[in-house]
Amino acid sequence: VIGETAEMMPASITIRSVHGAQTYQMEVLRNRDLGPRFIQSAVVSSILTAEKAQGDATVNTRLSLMIEGQPELTFENIYSGTRGLGEGVLGVTRPLQLLMQNPFERIRVESAAFELEVAEDVKAARIQSIALDRSRFEPGDRVGVKIELRPYLDVSKIVESSIVIPSHVRSGTLVLRVSSAKSHIAQESKRIPANYRVSDVDNLVRVLKAEHRNDELIVELLANRAGATVGGVELSSLPPSVATAMKRGRHSGSVRTVNQTVVSESVTKTNFVLSGQQTVFLAVGTPGPGLRFSPGQPGPVPKKK
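Residues numbered from 1 in each chain as written. Predicted model: local features only at pLDDT ≥ 70, side-chain atom pairs only at ≥ 80, totals over all residues. Heavy atoms only, no water.

Caption draft 1: Structural context of the packing of aromatic side chains. Throughout the structure, instances matching the rule amount to zero aromatic pairs. A cation sits over an aromatic face here: K209 above F75, 5.4 Å from the ring centre. (Phe/Tyr/Trp six-rings, centres within 6.5 Å; stacked < 30°, edge-to-face > 60°. Lys NZ or Arg CZ within 6 Å of the ring centre and 35° of its normal.)

This is how it looks when you write it as structure tokens:
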């Protein structure tokens, strides 16, 4: 439109590495379709100017967003690999893209600040195997877990964690799952798909804020027990009568039943960007050995030399 000025959104991009730190201030078109694309291009251009653009890399990212009518939002994560820089750019700009292009309402991003700290090596590892410190399990027990990680081009490392079997758990089988952040999301989107079908901006922000970092090890205990999600929020261990009533409900609203619930969870920070998952089945309250690994998965971790 001749004579009109395009509405712009202020943004800052900081790139840190062993070569120093550079901050770039700019304005980007405030447009739900083009704005996120221009932001991605701006981050890529900043990396090209301040740092190498390809090869091995580990990238710590941080995004701070000021959105009209919302408190400041911050998102932090880490990416690593031979395509670490590309994954870092996509990861750090993803929340802005999802929020600006959400189908529920138009939001106004007041400002965006991107920070990327780049190291020229790979700090990635795969979850290779797990071992537990016992073979019999009772309600209230704290179970020690040793996780064998296989780093990129390096020897195996052992990380220790633990998780508590809640005292209210009755005898039966629990699933102990050790996951990376990506594997955790993949499994949770199957277990509670309604949690990821957001219906408004507040739910979208909740899901984005709940995502684990890629260097976190998630240890969970799951029970085959009825639960539900209400408005995307999980309600665990519902009484059988309530679960049955929900299943028979005639309204297709925000209530969804689930057949497996998380009864305990612990998160351990590591020095690696993780991938993979391991699962073991625990028989709680049985007189004999109550440990069974999933078919095809490695068994106990070798003793550390």
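So much for the structure itself; the text now carries on.
Caption draft 2: Geometry of unusual backbone geometry. Positive phi outside glycine occurs at L153, with the angle close to 55 degrees. Residue placement: L153 occurs in the loop between strand 7 (142-151) and strand 8 (157-164). You can call L153 exposed: its relative accessible area is 75%. (Helix = DSSP H or I, 4+ residues; strand = E, 2+ residues; numbered from the N terminus. Buried < 20%, exposed > 50% of the residue type's maximum accessible area, 1.4 Å probe, protein only.)

Caption draft 3: Quick peek at helix 4 (residues 201-210). Within helix 4, burial applies to V201, N203, L204, V205, V207 and L208. On the buried face of helix 4, the contacting elements are strand 4 (73-81) and helix 2 (84-100). Here helix 4 starts with a cap whose side-chain oxygen sits 3.2 Å from the backbone nitrogen of D202, and that cap is D200. (Contact = heavy atoms within 4.5 Å. Polar contact = N/O pair within 3.5 Å; in protein donor to acceptor, adjacent residues only side chain to side chain.)

Caption draft 4: Quick look at the pattern of salt bridges. Enumeration over the complete set of coordinates arrives at 16 salt bridges. In this structure, the salt-bridge partner of E115 is R16, at a minimum N-O distance of 3.0 Å. Here E115, found in strand 5 (residues 109-119), pairs with R16, found in strand 1 (residues 8-17); they are 99 residues apart in sequence, far enough to count as distant. Under the relative-accessibility criterion, E115 is labelled partly exposed at 25%. Residue R213 is joined to D215 by a salt bridge in which the shortest nitrogen-to-oxygen separation is 3.0 Å. Of the two residues, R213 and D215, both sit in the buried class. Taken together, the shared-partner salt bridges in this structure form one network comprising R16, R62, E76, E115, R213, D215 and K269. (Salt bridge = Lys/Arg side-chain N within 4 Å of Asp/Glu carboxyl O.)

Caption draft 5: Expanded view of the sheet that holds strand 6 (residues 124-132). As summarised here, the arrangement of the four strands in space is 8-7-6-15, forming an open sheet in which the pairing is mixed. The open sheet is flanked by strand 8 and strand 15 (273-275), the only strands paired with a single partner. Here the average twist between neighbouring strands, direction ignored, is 40 degrees. Where strand 6 meets strand 15, three bridges bridge the pair, whose relative direction is parallel. Note on strand 15: the bridge partner recorded for A125 is L274. (Pairing = 2+ DSSP bridges. Axes fitted to C-alpha atoms, helices over the stretch in contact; angles between N-to-C directions.)

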